[in-house]
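# Inside the fold
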Amino acid sequence: MPETTVVLSEEVREALAAHRPVVALESTIIAHGLPRPRNLAVARELEALVREGGAVPATIAVLDGVARIGLDKSGLERLAGDPGVRKLGHRDLAPALATGASGATTVSATAFLAARAGIRVFATGGLGGVHREWTHTQDESADLRLLARTRITVVCAGVKSILDVPATLQRLETLGVGILGYGTEYFPGFYLTSSGEPVDWTVRSPQEVAAVMRAQDALAEPGTGTGTGTGAGTGTGTGTALIVAHPVPEAEQLDPELHDRVLAEALDACRERGITGQAVTPFLLEYLMRHTGGASLEANIAAVRGNVRLAARIAEAAATTTAPAAAAAEPLR
Ligand code: PSU
Ligand code: MN
């Protein structure tokens, strides 16, 4: 990619060159997931939390046809304040770059750009996934397929609970995307501490996550861009993602009964109004917020905060351990 289409901020470039920890942050949650003006305050707070954790934040978005890895003050303000900012999935990047558009990046677009830049750790709220009523709509977030072919560690509170969680877990298994429950034996439920679905693997420290990342690298086929495991990889990002599923603390979760009731109404409203495609997720998130008196918003923000803090610790743990040399991987016989 020519340098003018994807631009790293100076701070991010220097950190990567020095093999210091960097955490990529998604921007759709800022532009389309949270209400203004709270979204700008949250965007700033998330960057500050990464810094407090000893890592460099790299909020990712497309501004005027340039993909930016690390935003300056005015970039963050535009992202949060400009209602014309689009929602860009991975497939939207090329048209956005070609036409000079501006947009916030979803998990799929953020993970793609982060991996291209050599960033290994990424924090968000909840992943996209298989929507309920998939059999009618075939709506499955592009997040899943992109994660199936991108070597990045995503810290999230599971997938959004507006989705069909068991179906999404099945798809992730099919796609070969690994999931680690962080301090839990259950897959988190985004607004809720638990979705009730079990996970196969549980870790309890950033060092354990870093060890799994190193093992992924060791298993990778030679020449697939395994990176150094520090966040300053080769930039190809080929491989498969690792999901670190980190639940919102129980004290900060949305009341499960309120969640289930309002979500059922939200899904009905979505169907009645014929909302489809990219608009579905923002509509449901907004509906929940309005009809829970803002409680879903607080749970959402609490989850993201926790994920961002943990991502900084994982990036730090990954940066301070050396990856096995690619040459050490003997071909299997
Ligand atoms: N998590 C949040 N809020 C959000 C999203 C995730 O807490 O707004 C966004 C992410 O960017 C995710 C996207 O990639 O929703 C999924 O959208 P879709 O279902 O249209 O793929
Ligand atoms: Mn969708």
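Below, the structure is looked at part by part. This is a predicted model, so every value here is computed, not measured.

In this section: the site of ligand 1. Around ligand 1, a shell composed of 17 residues is seen, among which E26, K87, V107, S141 and D143 lie nearest. Here an oxygen atom of ligand 1 sits 2.5 Å away from a polar atom, N or O, in the side chain of E26. Interatomic distance of 2.9 Å between a backbone N/O atom of V107 and an oxygen atom of ligand 1. Protein chains bury 94% of the 480 Å² of accessible surface belonging to ligand 1 in isolation. Taken together, the elements giving at least two residues each to the shell around ligand 1 come down to helix 2 (28–33) and helix 12 (280–291). Broken down by element, the shell around ligand 1 gets its largest block of residues, 3 residues, from helix 2. Per-class residue counts for the shell around ligand 1 are 4 nonpolar, 9 polar and 4 charged.

We now examine the packing of aromatic side chains. According to the stated counting rule, one finds 2 aromatic pairs in the structure shown. With 4.5 Å between their ring centres and 55 degrees between their planes, F190 and Y191 make a pair best called tilted. This pair shows no difference in class: F190 is buried, exactly as Y191 is. Judged by centre distance (6.1 Å) and plane angle (40 degrees), the ring pair of F283 and Y287 falls under tilted. In this pair, F283 and Y287 both sit in helix 12, 4 residues apart, roughly one turn of the helix.

Criteria and cut-off values
- Residues numbered from 1 in each chain as written.
- Chains lettered and ligands numbered in written order.
- Predicted model: local features only at pLDDT ≥ 70, side-chain atom pairs only at ≥ 80, totals over all residues.
- Heavy atoms only, no water.
- Near = heavy atom within 4 Å.
- Polar contact = N/O pair within 3.5 Å; in protein donor to acceptor, adjacent residues only side chain to side chain.
- Areas by Shrake-Rupley, 256 points an atom, 1.4 Å probe, with all protein chains shown as cover.
- Helix = DSSP H or I, 4+ residues; strand = E, 2+ residues; numbered from the N terminus.
- Nonpolar A, V, L, I, M, F, W, Y, C, P; charged D, E, K, R; others polar.
- Phe/Tyr/Trp six-rings, centres within 6.5 Å; stacked < 30°, edge-to-face > 60°.
- Buried < 20%, exposed > 50% of the residue type's maximum accessible area, 1.4 Å probe, protein only.

Coordinates in, geometry out; function isn't part of it.
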